[in-house]
Structure formats: C-alpha cells, structure tokens
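For reference, the chains in residue letters:
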Amino acid sequence: MKEVAMMGEQIQIARKSRGWSLEFLSAQIGRAVTKQALHKYEQGKDAPGSAVLLKLSEAFGVGIDYFFRDPAVAIQLGELHCRKRTSVGARKLAQITAQAKEAIEARLAIESLFPAERFPKFKIPPPDKRRVTTLEDVETVAMEVRKSLNLGLDAIENMTELLEDIGVKVFQWAGNEAGFDGFACWANDSIPVIVTRSSLPGDRQRSNLAHELGHLIMEVSPSVDSEKAAKRFSAAFLVPKPTAQSELSSARKKLALPELQQLKKKYGMSMQQWIYRAKDLGIISPALAQQYFMFFRRSHSHKEEPGAAIPPEKSTRFGRIALQAVSEGILSPARAAELTGLPLQEFRPSPLSAET
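Residues numbered from 1 in each chain as written. Predicted model: local features only at pLDDT ≥ 70, side-chain atom pairs only at ≥ 80, totals over all residues. Heavy atoms only, no water.

## Considerations on helix H14 (residues 317-327)
Along H14, the residues that are buried comprise Arg317, Phe318, Gly319, Ile321, Ala322, Ala325 and Val326. The secondary structure elements touched by the buried residues of H14 are helix H5 (90-111), helix H7 (159-165) and helix H15 (333-340). (Buried < 20%, exposed > 50% of the residue type's maximum accessible area, 1.4 Å probe, protein only. Helix = DSSP H or I, 4+ residues; strand = E, 2+ residues; numbered from the N terminus. Contact = heavy atoms within 4.5 Å.)

## With respect to helix H6 (residues 135-148)
Along its 14 residues, H6 runs 21 Å from first to last C-alpha, staying within 8% of the 20 Å computed at 1.5 Å per residue. Buried within H6 we find Val138, Glu139, Val141, Ala142, Val145 and Arg146. On its buried face, H6 sits against strand E2 (131-132), helix H8 (202-217), helix H9 (226-238), helix H10 (241-248) and helix H12 (271-280). (Expected span 1.5 Å × (residues − 1).)

## Let's talk about the layout of surface pockets
Each pocket or cavity is described by its volume, and for the second largest pocket that value is around 1,000 Å³. Lining the second largest pocket are 38 residues, with Ala103, Ala106, Phe318, Leu339 and Thr340 sitting closest to its centre. Counting only elements with at least two residues in the lining of the second largest pocket, the list comes to H5, strand E3 (169-173), H14 and H15. The element contributing the most residues to the lining of the second largest pocket is H5, with seven residues. Broken down by class, the residue content of the lining of the second largest pocket amounts to 17 nonpolar, ten polar and eleven charged. (1 Å grid on protein atoms, 1.4 Å probe; cavity = no way out; pocket = protein on both sides within 12 Å on 5 of 7 lines; lining within 4 Å. Points joined across faces, edges and corners; volume = space filled by probe spheres on them. Nonpolar A, V, L, I, M, F, W, Y, C, P; charged D, E, K, R; others polar.)

## A short note on the side chain of serine 207
When you line up the elements, serine 207 lands in helix H8. In contact with serine 207, not counting residues within four places along its chain, are Ser234, Leu238 and Gln273.

## With respect to the packing of aromatic side chains
This structure, assessed with the given rule, holds twelve aromatic pairs. With centroids separated by 5.7 Å and ring planes inclined at 25°, the aromatic side chains of tryptophan 20 and phenylalanine 60 adopt a geometry described as stacked. A residue pair is termed long-range when its members are at least 10 positions apart, and tryptophan 20 in the loop between helix H1 (2-17) and helix H2 (22-28) and phenylalanine 60 in helix H4 (residues 50-60) qualify at 40 residues. Taken as a pair, tryptophan 20 and phenylalanine 60 share a single burial class, namely buried. The interplanar angle of 10° and the centroid separation of 5.6 Å between the aromatic rings of phenylalanine 233 and phenylalanine 237 together place this pair among those described as stacked. In this pair, phenylalanine 233 and phenylalanine 237 both sit in helix H9, four residues apart, roughly one turn of the helix. Phenylalanine 237 shares its class with phenylalanine 233; the two are buried. Aromatic rings pair up to connect Trp20, Phe24, Phe60, Tyr66 and Phe67 into one cluster. Across from the ring centre of phenylalanine 237, 5.6 Å away, lies the NZ or CZ of arginine 146, which sits over that ring. A cation sits over an aromatic face here: lysine 231 above tyrosine 276, 3.8 Å from the ring centre. (Phe/Tyr/Trp six-rings, centres within 6.5 Å; stacked < 30°, edge-to-face > 60°. Lys NZ or Arg CZ within 6 Å of the ring centre and 35° of its normal.)

## Remarks on empty space enclosed by the protein
A full pass over the atoms with the stated rule returns one cavity of 30 Å³ or more. Lining the largest cavity we find Arg107, Glu111, Phe119, Pro120, Glu164, Gly167, Val168, Lys169, Ser315, Arg317, Phe318 and Ile321. Contributing elements (two or more residues each) for the lining of the largest cavity: H5 and H14. Looking at the lining of the largest cavity element by element, the count peaks at three residues for H14. Classifying every residue of the lining of the largest cavity gives five nonpolar, two polar and five charged.

Purely geometric stuff here, so don't read any function into it on its own.
This is the structure we're talking about:
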C-alpha cells in the first residue's frame, strides 16, 4: 500500500504543479476516468491500472517512470516562510509548491547517482551564534554566517550559485505573479529550500534570496518581527556593516543618485535597499531616508529604478550535474531531459565526445 500511496502523491503533485483541478484532469484524459476515481488515486485508496497510467503520462507529458518515485528521494516540504506581502491565492501557492517539490526531487534523483560526499551539506552556525533578540543582533548573525562561509567583506558575485554551493536547493519559479516573490522552507526537516521568481530583476531576486536565507538561519525571539529581521539580514548579508560604512563613510546629509546607481551595480543591491542600509546604520537620518523613498514613489521609480537594471541570476548547477551524469554513462539522455526539463539535444553526445 505504500507504493500505491506514493503513486497517488505523484499524480497529485503533477496535477497541482500544472494548476489543474480534478475535473480538468478528467477532461484531459477524455473523461475515461472520473474525478472521483482520480481523487481515490491521489489519496492512495486505489491504484490506477496500466491503461490509466498511460493516459495520465500523456496528459502530464511525462514518462511512466514519473509515477514510480524512488522513496530515497521523496521529500515533504515543511512550513513555508512566505513574505507578508505575498498575495497569491491558495491554488497558485499550491501550484508553486508542487513545482518546487517536483524540481527538488528531480535534483535529488540525479544527485543520488553520485557518491554522497560529492554534494555539500548545509551547515549553519550554532544556535547561540544565530539568536536574534533585537534587530541589532541581525548584524552580528549576518557577519557570523559570512565568516562561516569564508566570504570576507566583498560583494557576492552570484547569490544563486553561492546558495547552491552550500547545499541550499534553489527553485526559480518561471511564473509571473506580481504578488509572489518567494518563500523558504525545510524539506524532510533537513534540506533547506528557497523558492524565488525567476522573472524578477536581479537586485530584487538577490535581496529575496538573502531574505529567505535569513528565515532559514536566524532564531528570532517572539519579541522581534521576523519579517523585519529577515529584511535587515538581507541587506546585512549582501553588504556587511564594515563594507557599507567604508562605501558611505560617516554621517551624511545627502546621497547622490549616481552614487547609489554605482553601488547598486557593484553589490547587486537596489538603490532603495542601500537607503534602508544607510538609515539602519545611522549614516543618514530616518527623515532623510523618507525623503528619498517619497522621491522614488513620486517619480514612479520605486518598482523600476533609474539606471541600468541588474540582470536576473540563472542557475546552471542542476543542468551541469545532469550533463556529467550522462557523460559518465549513469543517466540516459532521455531521462536527463525529463528530469531537468531541458531539450533532449542538450544531452546528446557531441562530436568531440564521440571521438574520445
């Protein structure tokens, strides 16, 4: 019965990841199977026969193997840390979560083909090094995390690659819902997961990734607003306090927009987040910061800042691992294409590999 339950969960994940209702799925397979029967399959109360599985695989555009998941790579996503401004509906959030689950299990399936030590395990500082009882504590935690990762005080070139290099599973959702930026959670209570919207500008994307990393790492006291703490962590992790003080120097009565544009380009952090950073560190007054924010809103540039945009970050790690698995003969090109969602030709042998 365990196999039946897992098969049912795969059917449900495939349906939800596409945003389909049971009725719509039934219609997709010609109503040969009622939505009541589909519900029983998803609940593990009944097992579909081979003919139904074939219809389901055609409707979802996946191979039959999709429904027979390896228990070793099965995951359950824990409580989501969603941004308070997230305004997507429950069905859309379920769709995003299902897609993230599919993607992460696919990555784990490929990683399972290699020795376990091939991939990094996420390590965080001990509890006493990540405890937050005031917002000022966030600065110390961010520095501690940077120290544990040997990052120094320089700009982070690629946040997505950094997170994946330390064992975080980053899923870049390809949708375009304006009310969704991302969320963080733990899979199987041990695998850190961060979901972000791939269509966001690079500076906003990087800010979100650091924000969600803060949620995963910090132990925030009930007396502290966890969202404010994560927001502070985002800026403190991207631009540590000594770096910000070096770039902006001492107390200022003005920040020039060209200066903020240059800092945005150098550190991949938005102009507005730099203003928050300067305010939080006492470099500019809250009143001056408010003037700048009012300027951005009056000029309608609070969502699209003036100057060159930071391009979105793209993750290539999963594709590279899949290519390696294919080249080593432990994964077929067809299976690699199915797991990664990349075109089959990406995994076909090149003339160079044929000669060698």
